[in-house]
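# Coordinates in review
Listed below are the residues making up each chain.
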Amino acid sequence: MVVHLEFDRLPLITQLDKVQLMTDRPHLTLAYQTLQRYTQLLASTEKAPLLTHHYFVQGLAGFHLTGDITELAEFSRRFDLLPPADKQGYVWQWACTLFRAQEYQRVLDVLEEADSTLFSDIDYIRYHALFKLGDPRDKETLNRHLERLQRIDTISFDRVLRYLAGHCTSSGERNAVVDACLTRGQLDDPLVEWLLRAEIATQGTEEQEQLAHCLAQAEPLLQADTPAVFRQHLASLFQHAENYTRSAEILQGAEQAPGPVHPGVEIIRLRNQYHLFQNSGQLRDALRAWRLQHGVLLEFCSWEVELAHWLLDWERIVEVTSALKDSVTAKSGARWAYLSALYKLERPEELQIALEEVAQRPELLTFEQLLDAAAMAHHQGLTDLALELVFPLAMDPENVTARTRFFALCAQDERPRTPPEVGGVSTAVLYALDGKRPRRLFITAELLEANPIAKHLLGRRVGDAVEVEHGMRNKKAELQVLEVNDFYGGLWREIHNEINQNDTALPFESISFGTDNPTFEDINRTLLEVLGEGQRAQQQHAKQLLDKYRRYEATFFEVAANLHKGNFLEAYHWLTSNREDSPGLVVLSESVFPPIENLASKPIVLDWSSLPLLYALSTEQQLALPPVLWISQVVLENLREQVREKRRSKPVEMSVEIVDEQVRPHFYPPEMHGRQLAYLENLLAWAETNCKSRLVPEKLDIIRQGKSKTERQRQAVNYMADTACLAGAEHAVVVSDDAQLLELAAKSGAKVLSAEAFLKAYYPAQFTTCLLPALLSRSYIGLTISAQALLHTVREANFSYEGLALQALRNMVQRVFFAPEHLQEIAHFVREILTSSALDSKTSRYLAIRVLTAALCHTRLQENTLSYVATRLDRAFYLLPCYVEEVTRILKAAWRLAAIVQSKHGKKP
C-alpha cells in the first residue's frame, strides 16, 4: 500500500470520519481487513522480527482509513528500540503521520533523528510543526528551507507564497526575498518571478498600478506547456484585479496544462462564474456540489442563498443556512435568511425555536433585522417573544425607533397584565427620593450588586416609605415607592410619560399641537414645521418622476418601484383611480404592435398591469378567457404575502401627506380594510384558478446584471425578469402596459402586446362597445381614439368634455405627440362639431377650440406646425367654404391658448 502526503497542502487535510469513509469506500475496508489478518498471522511465525514494519503498515493503513492512530502504539514502542540506520526507513512517514494526528512536539522529536541528507523537506515539516506550536523559530526554519532549494518549482512555489504572506511585514521585505531567490539562481523561469511580484502587489492597499504592471509582464510569458500551478495562480491574480473575463480564459487551459491541478482551481472558477453573471443556473448547482463535497465556505453559501432567493427556493435557503450552523455573523445575513425562509414556508414550530435562539443570541441579527424578527414573532402570535426581542434595544433612551416599536407592540397586546405586588428582580420600580423622581430602576441581579437603592426596593409595595442613606449628601433621605411593574410594563410607562412630556422625537403621537383639541389648521401648521422639508423634497421627487412618466420618459416599473415601494398592484390601482394627483395609466398606442397570427391559440402571459385588468373585465363582463394563461410565480408569491399581511394587520383610519403648503388627511372608512382584503383574496383565487405558473432559472443572469441597489428594486427586477423569461420560454405573448417589461420580453424572444392591442385583437366584437369605455373609465392614456369615437363620447356627455368624453379627448390628443399625422383626425372631429345640427354656434366653437388647443399643446409651436395644421383643416373643410373664416378664427384662438399653456407648464397640456 502506497501512502503519499504533500505538505504544501497540509492546511486542507481534515480528520477522516470512519463510518462515512467505510460506507463510501468498501474496497478500502477490504484492504484494511486484509492487512489486519496478515499482521496477525505473522505474530506466531519465524517472521516475527519483521513485526516492526508490519505494525507500521497496519497502523498507517488504519490511520489513513479511519483517522485512528491507536494502532500505531506498538510501532511507536518498537521504533525507539530500532538502530539509527533502521529508523531512517520509517522516520519521514512516521513524522507525517504524527503531524496529521496533531502530535506536533513528537514530530519535532522524531525529526531530530532523521538524516537530513536523505530527506530534503525535513525543514519544511519542521516549520509546520513549529508554526502549529506557535514557536517563533518557524520563520527561521522556513527561510532556511527556502535557501536550500535548488529552484522554485511547482511544489516549492506555494512555500515561497506562504513565507511572503505569513512572515514578511512589508512590500520591501517581500521584494527582498524575491531578489534573494534571483541572486541564488532559483528563479530560472521569469514567469515565476513576475507571479511573485504580482502577489506582493496584492498585499498592499495602494499598489493596483504595480499589480497591473506585473500582470502585463507575466501574461505574455504564459505558454502551452506552462505548469498548471502557475497558470492557476495567474488566473487568481487576474481575479484579484477584478478582471474576471481574463481570469476565466487563463483558467480554462489549466486542466490541459502539465502537472497536477490544485484543488483551489474550482474556487477560482466559481468566483469567476459568479462575478461574470454567467450561467447562474449551473453556478447554483456547482455551489451545492461544492458544499456537499468540501463543506461550508461562507462566501459560497451566501451566493447560494442569494440565487435561491431569486427563485423563491425557501427549502434551499433552509438547507444552506442550516449547514452554516453557528459559523455566521449578523453581517452575513445568514440567520435572517433562515428566519425568512421558515416564515415563507409557514413552519411556525421551527420558526418559534429559531426566534427563541435569536432572543438568546441577538448578535446574530442586525438592528433592523431584530426589529423585523420581532414583527415576525408578533405576526405568529408570539407577543411575549416579540417584546423580548425588542426590549433590550428599547432600553436605550436614544433609540427612538426601537422604543416606538416596543410601545406599539405593548399597545397591540390586549392581554391583561397584573403588575407584581412588591419590588424584586425582574421588576421596574419608580420611586421618589425626598420627593424627587429619578428614572425608573429595572432591577437585575447585577444591579443589586452595584446600586444600594435597588436593595432597599426589594420587597417594597407601592406607597411604602423607608429611610436610606443619601449617597451624595451623606445624610438620611426618605425613599418612597411610587410604582411597581414588570420590565415590559415599566418600560411602557416610561415611554408613555416621555410622549406626554414630549421629551423625545417619537413619530406622530409625540408631536405637540399646542392644544389638547387641535383644529385642522393647528395640525397643518405643526406638521409643516416638523415634517415639511423632508415631505416637500419627497413630493418634488414624485412630481418630477410623474412628469417624466407623462412624457413617456419613465415607465410603470419606475413609478411602482419609487413611489409605491415596489407594490405594483397598488401602483396600478392608483394610476387607474381617476384621482386628481394621478397621471393615469400611460400606455403605448396599439399601432406600435404588429398583428400576431393565431393569437387565440397562443399562451398569454400576464403581468401586474394586465392581471388586475383582465380579472376585472372577465368578472364584470363575463369575457371568455384565453385557453392558456401564464403568470410569474413571483406575482403569485407577492399576492399571497399581501393577503397574509392584510389579514393580520388592523384597519388604518387616517394618514396624512404634505403637498406644497397643505397637509392633506386621508380618512379610511372602517369597512375599507375588509373590502381590500376581499379584493386581494378574490384576485389571488382567480389567478390560481385560471393561470399556470412557474419560476424560470434563466432569469438569474438578468437579475444579477441589473444595476438596482436597493432590495426593493431587486425584488421588482426579479418579477420583471421572471415574467419576461417565462414568456420567451413558453413562446407566448406577454400582455403588459409597462414599456420596460415589453422591451425585456421582446429581447427574450417573446411576442408583446399592450392591453389595448390584445383586447382589440382578441375581443374585436366587444372592444368598441364594452372594453374601450372600460379602459377610458380606468383613466388609460394613450389609447387609439378616432374622431367618430370621440364624437360618440361627447354626444353621450351631452356635448361636454366630462367623464368618458374627457378621457377620450385626453387619449386622442396624446397621440399627436407621437404621430403628428393624427391631426387629420382632430380636423375631422372639428368638422363634425361645427356642422352638427344639435349644437348652437357658441357651444360648437367652444368644443372645437378645446380639442384643437389640447392637440397643439402636444406639438412644437413653430411656423411649419401652424402651416401643417392649417393644411389639415383645409382638407377637412374642402367642400365647405362657408366655414373657412370660422375655422381660421378657431385655429388662431387655439394657437394662442396653447402658447400660454406651454409657457406656464413647460410644453405640457
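Let me sum up the structure you'll find in this document. Keep in mind that what you see is a predicted model, and the values were worked out from it rather than measured. (Residues numbered from 1 in each chain as written. Predicted model: local features only at pLDDT ≥ 70, side-chain atom pairs only at ≥ 80, totals over all residues. Heavy atoms only, no water.)

### Notes on the overall build of the protein
Put simply, the test is: Secondary structure elements follow DSSP: runs of H or I no shorter than four residues count as helices, runs of E no shorter than two count as strands, and numbering proceeds from the N terminus. Between buried and exposed lies partly exposed: a residue is buried under 20% and exposed over 50% of the maximum accessible area for its type, with that area taken using a 1.4 Å probe on protein chains only. We call two residues in contact whenever any of their non-hydrogen atoms come within 4.5 Å of each other.
Along the protein, the regular secondary structure elements total 44 helices and 13 strands. Across the 909 residues in the protein, those meeting the buried criterion constitute 48%. Contacts in the protein between residues far apart in sequence, at least 24 positions, make up 63% of those at least 6 positions apart.

### So, the side chain of Q642
Just so we agree on the cut-off: Definition of a polar contact: a pair of N or O atoms within 3.5 Å, with one able to donate and the other able to accept a hydrogen when the atoms are protein atoms, and with sequence-neighbouring residues admitted only if both atoms are side-chain atoms.
As for its placement among the helices and strands, Q642 is situated in helix α32 (residues 633-648). Here N638 takes part through its side chain, which lies 2.7 Å from a polar atom of the side chain of Q642.

### A few points about the environment of E255
Following the sequence through the fold, E255 ends up in the loop between α15 (244-252) and α16 (265-275). Residue class for E255 comes out exposed when judged on its relative accessible area of 64%. Sequence spacing of E255 and R231 is 24 residues, and the spatial spacing of their C-alpha atoms is 9.7 Å.

### Some remarks on unusual backbone geometry
Notably, E242 is not glycine yet its phi reads approximately 65°, a positive angle. Relative to the helices and strands, E242 is located in the loop between α14 (228-240) and α15.

### Quick notes on the nonpolar core
Operational definition: The definition of a nonpolar core used throughout is a set of buried Ala, Val, Leu, Ile, Met, Phe, Trp, Tyr and Cys residues joined through side-chain atoms within 4.5 Å.
The biggest cluster of nonpolar side chains holds 188 residues, and the ones touching the most others in it are L339, F406 and F829. Among the elements that take part in this core, helix α35 (residues 711-729) stands out by supplying 9 residues, more than any other. Among residues more than four places away in sequence, those in contact with F829 are A787, L790, L791, V794, Y801, M812 and V851. In this structure, Y127, L149, L222 and I250 belong to the second largest nonpolar core, which totals 40 residues.

### Things to note about the pattern of salt bridges
Where we set the bar: We define a salt bridge as a side-chain nitrogen of Lys or Arg found within 4 Å of a carboxyl oxygen belonging to Asp or Glu.
Enumeration according to the criterion identifies 51 salt bridges in this entry. K344 is paired through a salt bridge with E641; the nearest N and O atoms lie 3.7 Å apart. Of this pair, K344 sits in helix α20 (residues 334-344) while E641 sits in helix α32; the two residues are 297 residues apart in sequence, bridging distant segments of the chain. Within this structure, K344, E346, E637, R640, E641, R644 and E688 form a network of salt bridges that share partners.

### Looking at helix α37 (residues 755-762)
Working note: α-helix, 3.6 residues per turn, so residues spaced by three or four point in the same direction. Most of α37 sits inside the fold, with 6 of its 8 residues counted as buried. If you check which residues of α37 are buried, you get A755, E756, A757, F758, L759 and Y762. The inward-facing, buried residues of α37 abut β6 (604-606), α31 (611-621), β11 (733-735), β12 (751-753) and α38 (764-777).

### With respect to the packing of aromatic side chains
Test applied: Working definition: a ring pair exists when centres of Phe, Tyr or Trp rings (six-membered ring for Trp) sit within 6.5 Å. Plane angles under 30 degrees give stacked, over 60 give edge-to-face, the rest tilted. A ring is considered to have a charge above it if a Lys NZ or an Arg CZ atom is located within 6 Å of its centre and within 35 degrees of its normal.
One pass over the structure, following the stated rule, counts 29 aromatic pairs. Arranged with centres 5.9 Å apart and planes meeting at 65°, the rings of Y615 and Y679 form a pair that is edge-to-face. Separated by 64 residues along the polypeptide, Y615 in helix α31 and Y679 in helix α33 (residues 672-690) bring together distant segments of the chain. What makes Y615 buried here is its relative accessible area of 11%. When its relative accessible area of 24% is taken as the criterion, Y679 is described as partly exposed. Taken together, F391, F406, F442, F487 and Y488 form an aromatic cluster joined through their ring pairs. Just above the ring of Y124 sits the side chain of R159; from NZ or CZ to the centre is 4.0 Å.

### What to know about the packing of helix α18 (residues 298-310) against helix α19 (residues 314-324)
Rules: In this analysis an axis means a line fitted to C-alpha atoms, helices contributing only their contacting stretch, and an angle means the value between N-to-C directions, from 0 to 180 degrees. For classification purposes, an angle smaller than 35 degrees is called roughly parallel, one larger than 145 roughly antiparallel, one from 65 to 115 roughly perpendicular, and anything else oblique. Here a crossing is taken to be left-handed if its near helix is turned anticlockwise relative to the far helix by less than a right angle, and right-handed if that turn runs clockwise.
Put simply, α18 and α19 touch, their axes get as near as 8 Å, and they point 165° apart. One finds that α18 runs roughly antiparallel with respect to α19. Remark: the crossing between α18 and α19 carries left-handed chirality. Across the interface between the two elements, L298, C301, E304, V305, A308 and H309 of α18 pack against W314, R316, I317, V320, T321 and L324 of α19.

### Comments concerning the packing of helix α12 (residues 190-202) against α14
For any two helices packed against each other, one specifies the crossing angle of their axes together with the interaxial distance. Short version of the rule: The nonpolar class holds Ala, Val, Leu, Ile, Met, Phe, Trp, Tyr, Cys and Pro. Asp, Glu, Lys and Arg form the charged class, and all remaining residues, Gly among them, are polar.
Two elements in contact, α12 and α14, have axes whose closest approach is 10 Å; the angle formed by their N-to-C orientations is 30°. In terms of axis orientation, α12 runs roughly parallel to α14. You can see that α12 and α14 cross each other, and the crossing is left-handed. On α14, the residues touching L191, V192, L195, A198, E199 and T202 of α12 are F230, H233, L234, L237 and H240. Along the lines of polarity and charge, the residues of the contact of α12 with α14 split into 7 nonpolar, 3 polar and 1 charged.

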